[in-house]
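Understanding the architecture of this molecule
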Amino acid sequence: MKVAVFTGVGEITLREEPDPVPGPDQVVIEVAACGICTFERRLFAGDKQWYPVAPGHEASGVVIEVGTSVADRPGSPKVGDRVAMDLLTRCGTCGPCRRGKSNLCRARQGRVLSDGTVSFGGFAGKIALDAKSVYPVGDASLIHTAMCEPIACCVHSLRQGGFRSRDRVAIVGGGLMGRIHMAIARVEGAGSIGVIDVSEERLAEATAAGADWVATPEQALEVGGKQDVVVVCAMGGVDLAVEIADVGGTVVLYSAFDKEVPATVGADKSHREEVAIVGAFQQTPDDWRDASAYLKAGVLADDLEALVTATFPFSQVEEALRLVTSEPTYRVFVQPEHD
Ligand SMILES: [Zn+2]
Ligand SMILES: [Zn+2]
């Protein structure tokens, strides 16, 4: 099978690797699609220099082989199932894992290629994974299913924010993650959903996708008013988020931030108004369960379809990376060819 290995700034090599064999608790999946996320974009652009590495952590596929121990296990993926994949392991023994916070596992890791190169597994023809990390999605689109990882991240984020139906939700940043938050909040019965962005184009697209209100940061409070949950999916906007959080509201720091960016709420405001700032990082198996259930039920299908910017065959993985490093996109996908 072929694996895409990032070998330097702007350099990708398609390498031949042996097909994976399932361990007793594993299944083998033929990869159908893998999304290009910030991690891959930064590697390709040289903002993060870690070579060689085989990235790709937002993948979907079809089960083609099942290990002996999980063949008849209830809920375990079967041959032919369309699936989403949680590609990083959770050790189960570190402090956070023992507390049920395996999204914060101190030892999350991928796998290695035959020469020891670190591989996440998504930019490859096939992958062997523990059955417990593989989530069937019924007859959902395999391109949509490649967004299960970001969906699970957003499920986690709204959980962190204490989101409940009828809450007023504002999202700072109308990119892919903002739009997925918006779609989930709608499905879960948000009272209203607003999107705040500096880009008029992004605001127009959020309106078309069903946002109740959109605003630039300067107009946000006037247009949308106070909010119960504010999710920051942009590199900035933390102060704005705290400003528009209502009494009892929560600000979720979803985005990655520069190390020196502060996030503060006055002690008195935090005490008297119970305004809280919480972080949200990656996902737990519980979040994957909900995310895959949304895919299976098809309730996000229209939202996800609007976020598919382009798909490329595996042989054009470099062109796909060039697209995401040259202009704003929602999600671009690479699809391995199978014979
Ligand atoms: Zn990602
Ligand atoms: Zn752990």
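None of the values given here were measured: they were computed from a predicted structure.

1. Observations regarding the pairing of strand β5 (residues 82-85)
- Judged by which residues are buried, β5 turns out to be covered on both faces: R82 and A84 on one side and V83 and M85 on the other are all buried.
- With three bridges joining them, strand β4 (residues 59-66) and β5 adopt antiparallel strand pairing. Bridging from a neighbouring strand, S60 pairs with A84 of β5.
- Relative to strand β9 (residues 134-136), β5 runs antiparallel, the two being bridged by three bridges. In the sheet register, M85 faces β9, and the bridge partner there is V134.

2. Topic: the packing of helix α4 (residues 148-160) against helix α5 (residues 176-187)
- One can describe the packing of α4 onto α5 by two numbers: an axis separation of 9 Å at closest approach and a directional angle of 65°. Considering only the axes of α4 and α5, their crossing is right-handed. Of the residues in α5, those touching α4 at P150, I151, C154, V155, S157 and L158 are L176, M177, I180, H181, I184 and A185.

3. Observations regarding the domain arrangement of the chain
- Looking at the assigned domains, one finds that the chain contains domain 1 (2-147 + 307-335) and domain 2 (154-279).
- Of note, the centres of domain 1 and domain 2, computed from C-alpha atoms alone, are 29 Å apart.

4. Quick look at the sheet that holds strand β12 (residues 213-215)
- Taken in spatial order, the six strands make up an open sheet running β12-β11-β10-β13-β14-β15, and their pairing is parallel. Edge positions in the open sheet fall to β12 and β15 (276-279), since each of these has one partner strand only. In this sheet, neighbouring strand axes are inclined to one another by 20° on average, regardless of whether the strands run parallel or antiparallel.
- Bridge count for strand β14 (residues 245-253) against β15 is four bridges, and the pairing is parallel. Its bridge partner lying in β15, V252 is registered against V278.
- Along the sheet, α5 makes contact with β10 (168-172), β11 (192-196) and β13 (227-232), crossing β11 at roughly 175°.

5. With respect to the nonpolar core
- In this structure, I29, V172, V230, V232 and A241 are the most contacted members of the largest nonpolar core, which totals 98 residues.
- Three or more residues apiece are contributed to this core by two domains, here domain 1 (2-147 + 307-335) and domain 2 (154-279).
- Discounting residues that sit within four places of it in the chain, I29 has contacts with G61, V62, V63, I64, V83, M85, K126, I127, L129 and V134.

Calculation rules
- Residues numbered from 1 in each chain as written.
- Chains lettered and ligands numbered in written order.
- Predicted model: local features only at pLDDT ≥ 70, side-chain atom pairs only at ≥ 80, totals over all residues.
- Buried ≥ 20, exposed ≤ 12 C-beta atoms within 10 Å, placed from the backbone.
- Helix = DSSP H or I, 4+ residues; strand = E, 2+ residues; numbered from the N terminus.
- Pairing = 2+ DSSP bridges.
- Axes fitted to C-alpha atoms, helices over the stretch in contact; angles between N-to-C directions.
- Left-handed = near helix turned anticlockwise from the far one by under 90°.
- Contact = placed C-beta atoms within 7 Å.
- Domains from an automatic or database assignment.
- Core = buried A, V, L, I, M, F, W, Y, C linked by C-beta atoms within 7 Å.

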